[in-house]
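# What the coordinates show
Residue strings, one per chain:
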Amino acid sequence: MSNQSTSSAPQAKLNPNGPGAAAVLAAGIGSFMVAIFAILADKAASIKNLMNFYKPTGPLSGVTTCAIVVWLAAWALLHWRWSQRNVEVGRVTAAAFILLFLGVLLTFPPIADLF
Amino acid sequence: MEITTRGLWTMIHGMGFGALYLLACSGALVELYRRYRSPLGPEIKEEDERFLRIYLTAMAVLAWITVLTGAYIIYPWYRAVPPPGTASLAAFPQRLLMSSPSTAAWHSIGMEWKEHVAWLVPISITMAAVVFSQYRRSLRIHPELRAAVVGFVWASLLAAGISGFFGAMLNKTAPVTGGSTITFVQGAQK
């Protein structure tokens, strides 16, 4: 038992939590952005037209493509900032879960229609 | 016994990729919980870890294939606009659902939610696969990261479940049909 706990500390130093935290937070941001772009496309005709990347699929093509681009950009940026660092991963994870929860909630049409 | 090409694609998307993803989720959650929940648990073998890494990566690929076939192959058939004067809306599922107050909510709530919430699945599982591949057994000494991976796999299961439920109900109420007919077996006439 003691061997494992003593080997954990150097291992955590060698393997900082920053890259993992970056991936987790970016996934939360990506999930949230799906809902935000969907609401924007639903509420504004001009944005709906802009989101029409592929006509047979309609605005859904732009909504999801934009959300994926934001997700990957956020991931790249956070990874660049945190790749060699240990961050407060508990707070980062909490923020990611809140964004994920909002993503699920705001894609539900009766709630999205409130805006 | 025959099926249309559009019906076949819908079946591949839902009963093939989608259902397989839902099944795979339970396996991933069991493995993550059983092997990685405690830093003091039994030693994890290299081949078991490699298996889970490949398993999660395959789930991510499956999730992307599911949403991409849904959005870019089936959804255009679903939302097709009938030409003026069309008598039967059977080949235009969205319009068929919206033509009756008793079925309109299957589109306005069911499809509207499904088409967006489904994209949370590949985002979540891609993150889980990447974080697991990066940290492997050291996830045991990063409990918050492990909780995030498990939490996002649960979320992907929820989102895939919502999408799968509405997909099945939509296809039951207004199936996507059309295209050429594929005959599997010619039955004997009685």
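## Here we look at the interface of chain B and chain A
Contact with chain B, which involves 34 residues of that partner, is made by 37 residues of chain A. When the residues that make up the side of chain B that touches chain A are grouped by side-chain class, the tally is 23 nonpolar, seven polar and four charged.

## Some details on the nonpolar core
With 81 residues, the main nonpolar core has Val24 of chain A together with Ala128 and Val131 of chain B as its most contacted residues. Counting residues per element, the ones that place at least two in this core are α2 (18-43), α4 (59-82) and α5 (89-106) of chain A together with α1 (5-36), α2 (46-78), α4 (104-117), α5 (120-135) and α6 (143-173) of chain B. Here the element with the most residues in this core is α2 of chain A; it accounts for 17 residues. Setting aside residues up to four positions removed in sequence, Ala128 of chain B forms contacts with Leu56, Val149, Phe152 and Val153 of chain B.

## Focus on the environment of Thr69 of chain B
Residues and elements named next belong to chain B. Its location among the elements puts Thr69 in helix α2. A C-alpha to C-alpha distance of 9.1 Å links Thr69 and Ile12, two positions 57 residues apart in sequence. Every residue in contact with Thr69, bar those within four places of it in the chain, is listed here: His13, Phe17 and Ile74.

Calculation criteria
Residues numbered from 1 in each chain as written. Chains lettered and ligands numbered in written order. Predicted model: local features only at pLDDT ≥ 70, side-chain atom pairs only at ≥ 80, totals over all residues. Contact = placed C-beta atoms within 7 Å. Nonpolar A, V, L, I, M, F, W, Y, C, P; charged D, E, K, R; others polar. Core = buried A, V, L, I, M, F, W, Y, C linked by C-beta atoms within 7 Å. Buried ≥ 20, exposed ≤ 12 C-beta atoms within 10 Å, placed from the backbone. Helix = DSSP H or I, 4+ residues; strand = E, 2+ residues; numbered from the N terminus.

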